[in-house]
Amino acid sequence: MDEDIIDKLAVIGHHGDSLSNKNDIINGGVLMTVELVSSLDEEGREIGSIISRCEKLKRIRVKVLSNEKVLSESMITALFRADGPHDFKLESLQLGGTAIGPTGLAALVPFLKSQPELKELELHC
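Residues numbered from 1 in each chain as written. Predicted model: local features only at pLDDT ≥ 70, side-chain atom pairs only at ≥ 80, totals over all residues. Heavy atoms only, no water.

**Q** Could you give an account of the overall build of the protein, with specific residues and numbers?
**A** Along its length, the protein carries five helices and seven strands. Listing each helix as α and each strand as β along the protein from the N terminus yields α-β-β-α-β-α-β-β-α-β-α-β. Sequence-distant contacts in the protein: of pairs separated by 6 or more residues, those separated by 24 or more amount to 72%. Here the protein displays about 6,600 Å² of accessible surface, and carbon together with sulfur accounts for 50% of that area. (Helix = DSSP H or I, 4+ residues; strand = E, 2+ residues; numbered from the N terminus. Contact = heavy atoms within 4.5 Å. Areas by Shrake-Rupley, 256 points an atom, 1.4 Å probe, with all protein chains shown as cover.)

**Q** Lay out the pattern of salt bridges with the relevant residues and their values.
**A** For the structure shown, the criterion picks out one salt bridge. Across the salt bridge formed by arginine 45 and glutamate 42, the nearest N and O atoms sit 3.2 Å from each other. Taken together, the positions of arginine 45 and glutamate 42, both in helix H3 (residues 41–53) and three residues apart, correspond to about one turn of that helix. The class of arginine 45 is partly exposed, set by a relative accessible area of 44%. (Salt bridge = Lys/Arg side-chain N within 4 Å of Asp/Glu carboxyl O. Buried < 20%, exposed > 50% of the residue type's maximum accessible area, 1.4 Å probe, protein only.)

**Q** Tell me about the packing of aromatic side chains, and name the residues and values.
**A** By the definition in use, this model includes one aromatic pair. Here phenylalanine 80 and phenylalanine 111 contribute two aromatic rings whose centre-to-centre distance is 5.0 Å and whose plane-to-plane angle is 40°, an arrangement assigned as tilted. Separated by 31 residues along the polypeptide, phenylalanine 80 in the loop between helix H4 (73–79) and strand S6 (92–100) and phenylalanine 111 in helix H5 (residues 102–113) bring together distant segments of the chain. Across this residue pair, the class does not change: phenylalanine 80 and phenylalanine 111 are buried. (Phe/Tyr/Trp six-rings, centres within 6.5 Å; stacked < 30°, edge-to-face > 60°.)

**Q** Could you give me a rundown of the environment of glycine 104, with the residues and numbers involved?
**A** Within the element layout of this structure, glycine 104 appears in helix H5. Judged by its relative accessible area of 2%, glycine 104 falls in the buried class. It is 8.1 Å that separates the C-alpha atoms of glycine 104 and threonine 77, two residues lying 27 residues apart in sequence. Setting aside residues no more than four positions away along its own chain, glycine 104 makes contact with Glu73 and Ile76.

**Q** Describe the pairing of strand S3 (residues 29–36), with residues and values.
**A** Along S3, seven of the eight residues are buried, which leaves the element largely enclosed by surrounding structure. For strand S1 (residues 9–13) and S3, the ladder comprises five bridges, and the chain directions are antiparallel. Residue pairing across strands places valine 11 opposite methionine 32, the latter belonging to S3. Pairing geometry for S3 and strand S4 (residues 59–64), over six bridges, is parallel. Bridging from a neighbouring strand, threonine 33 pairs with arginine 61 of S4. (Pairing = 2+ DSSP bridges.)

As structure tokens, this is what we get:
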């Protein structure tokens, strides 16, 4: 399943190189684009597990490619687990083009509080 999940991630390293190996992503990814095709929580948990282990992430973009274009509370919780340790200091989180309801926004707040370096937040409620 890891390779299927890695295919949903576009990750750029510090030197502008494209990263496709899970260890390279975790150890050196600075820009991650997540393309969600389904709203399956299992998919979100696997991607969230990778995100939570990244060491150098600066920017995350999430694109929902399904017809729903909505990030559910459970998907947001799976992707941005506030309970997990995050070694990175995120500067930008872009959820543009993706609707988030009040419960989804409430689920995102603990993660946002854990990111003191965040300077840019794009979302649609």
